[in-house]
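Working through the structure, step by step
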Amino acid sequence: MSRAPSIASTAPSRASTPSPNGPRPTACTKATVTKARVLIVGAGIGGIMLGALLERAGIEYHIFERAVKVKPLGSALSIGANVLPLFAQLSVLDDVMKAAKSFSFSTGYNDLREVTRTLDYSPAEEIGGFLPHIISRPILVDILMKLVPTSKISYSKKILSCRQNETEAPHVVIQCSDNSTYEGEILVGADGAYSGVRQNLYKQLKTDGVIPKSDLAELPFNSVCLVGQTEQLDPEVYTHLKDDHTWFETTVGEGNPYAWITFTTKFNTICWMVLRHLDEKSSRENESSFRNSEWGPEAAEAMCEEVKDFPVPRNNMVLGDLIAKTPKEYISKVMLEEKLFDTWYGGRMVLIGDGAVSAMQDAVCLANCLYELSENPTTEEISKVFANYQDERYPLAKTAYDTSHRLGSIVGS
């Protein structure tokens, strides 16, 4: 039975929140930091962010990732006042801003390349202190990975089972496909929509008869997403790359269930994304042929062929021109599921969200709750802070879900 590595030194005293350009802050502490060891399953953005926060708080943790290495696939992320202050507190805001490009408006088009709308985001700076920014997802992952010691991430650790033992020393145990086992006092599932932790937790709760039937239903596939990022392009040819703001441009197909988006980046690349909204019939068809929700280039080739003639606003281009400029390993396709679960925790096991920005926000809230634990918390105390975590995050998650569902309905109509 393996245990997560121990924290080697006591954390220094709490530091005040630094300015973005100030020195790296010391770890925050209180009189007694909890001794509960936290096992985090999943080294995606949410899992890595939680690890970074627990590292700062002086709470013992270890991250288990099923892949042989972190695969920072995907296109771009839009970030703003919802997470940028967090990067400041982690002393990586400068790194993020050097790699990001702001935008104060976005433009919508039809498939004749005619402008149909312009959305103004400039009030965001006055309200929250930041304009929204576009950053390449792989670059953001690289920045966040530097916040977690490599010794605290174990790769090729696919979780087969996890259980809770309510003995004299209550704990959780995970078993991996390589027959290794690990134990701790808290288990966090940050392993995506098809979370192995969620499946094991829900199985236990079903046996106990304390989980709603809606949480046991299959995940509905709402859309197919194809994403990529080009190689560095020549600004003399793609002249809009010279502008000091991101061109955030969305095209909605006429009479078809597609929408496609392009973003210019700080490094003269163009991130692109194609969404195909699924109705009930097409959802079933895609589900039967695409059960794996992993990001990867294998499933993307057919969809690239399908969308290659879609027009994009600039240079009289089509999507095929951008696809041709995109390395194959940077193209991926994934089925997107939309479901809001009502059960986020049980006993010593808890879940965080799947979307990048919402997962980071979940990680902040959960880290704050874990920081309030006593030195040797009981299962009852742990469940109480998990309840506080869900109470704080659930209304915001529901708002995000409802907004996404409405947008999907508009695109698919």
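Residues numbered from 1 in each chain as written. Predicted model: local features only at pLDDT ≥ 70, side-chain atom pairs only at ≥ 80, totals over all residues. Heavy atoms only, no water.

Under an unreviewed UniProt entry, the name given to the protein chain is FAD-binding domain-containing protein, and the source organism is Lunasporangiospora selenospora. Database annotation for the protein chain, UniProt heading Sequence similarities (unreviewed entry): "Belongs to the paxM FAD-dependent monooxygenase family." (UniProt positions renumbered as here; feature names shortened; annotations may be inferred.)

So, on to helix α6 (residues 196–208). Under the 1.5 Å per step criterion, the end-to-end length of α6 is 19 Å for 13 residues, consistent within 8% with the ideal 18 Å. Within the span of α6, buried status applies to G196, V197, R198, N200, L201, Y202 and L205. Packing partners of the buried residues in α6 comprise β2 (38–41), β10 (159–165), β13 (186–189), α7 (213–216), β19 (345–346) and β20 (349–351). Capping the start of α6, S195 holds a side-chain oxygen 3.2 Å from the backbone nitrogen of V197, two or three residues further along. Where α6 ends, the next residue or the one after it, G209, has phi of about 70 degrees, a positive value. (Helix = DSSP H or I, 4+ residues; strand = E, 2+ residues; numbered from the N terminus. Expected span 1.5 Å × (residues − 1). Buried < 20%, exposed > 50% of the residue type's maximum accessible area, 1.4 Å probe, protein only. Contact = heavy atoms within 4.5 Å. Polar contact = N/O pair within 3.5 Å; in protein donor to acceptor, adjacent residues only side chain to side chain.)

Turning our attention to empty space enclosed by the protein. Taken as a whole and judged by the stated rule, the model has one cavity of 30 Å³ or more. By volume, the largest cavity amounts to about 60 Å³. What lines the largest cavity is H240, W247, E249, T262, T264, I270, V312, P313, R314, M317 and L322. Taken together, the residues that form the lining of the largest cavity break down as six nonpolar, three polar and two charged. (1 Å grid on protein atoms, 1.4 Å probe; cavity = no way out; pocket = protein on both sides within 12 Å on 5 of 7 lines; lining within 4 Å. Points joined across faces, edges and corners; volume = space filled by probe spheres on them. Nonpolar A, V, L, I, M, F, W, Y, C, P; charged D, E, K, R; others polar.)

Another aspect to go through is the packing of helix α1 (residues 45–57) against helix α5 (residues 137–145). Between α1 and α5, whose axes approach to 10 Å, the crossing angle comes to 25 degrees. Judged on the interaxial angle alone, α5 and α1 are roughly parallel. As α1 runs across α5, the sense of the crossing is left-handed. Contacts between α1 and α5 involve I45, I48 and M49 from the first element and R137, L140, V141, L144 and M145 from the second. (Axes fitted to C-alpha atoms, helices over the stretch in contact; angles between N-to-C directions. Parallel < 35°, antiparallel > 145°, perpendicular 65-115°, else oblique. Left-handed = near helix turned anticlockwise from the far one by under 90°.)

This part covers the pairing of β10. With six bridges joining them, β10 and strand β11 (residues 171–176) adopt antiparallel strand pairing. Looking at the pairing, R163 lines up with V173 of β11. Here β10 folds back onto β11 in antiparallel fashion, the turn holding five residues. (Pairing = 2+ DSSP bridges.)

On to the pattern of salt bridges. If you walk through the whole model with that rule in mind, you get ten salt bridges. One salt bridge connects K157 with D178, and the closest N-O pair in it is separated by 2.8 Å. Of this pair, K157 sits in the loop between β9 (153–154) and β10 while D178 is found in the loop between β11 and β12 (181–184), placing the two residues 21 residues apart along the sequence. Owing to a relative accessible area of 11%, K157 belongs among the buried residues under this scheme. We classify D178 as partly exposed; its relative accessible area is 40%. A salt bridge links E305 to K308, with the shortest nitrogen-to-oxygen separation between them at 2.8 Å. Residue classification places E305 among the exposed residues on the basis of a relative accessible area of 51%. (Salt bridge = Lys/Arg side-chain N within 4 Å of Asp/Glu carboxyl O.)

We now examine the sheet that holds β9. Read across the sheet, six strands follow the order β9-β3-β2-β13-β20-β19 without closing on themselves; strand pairing throughout is mixed. The open sheet is flanked by β9 and β19, the only strands paired with a single partner.

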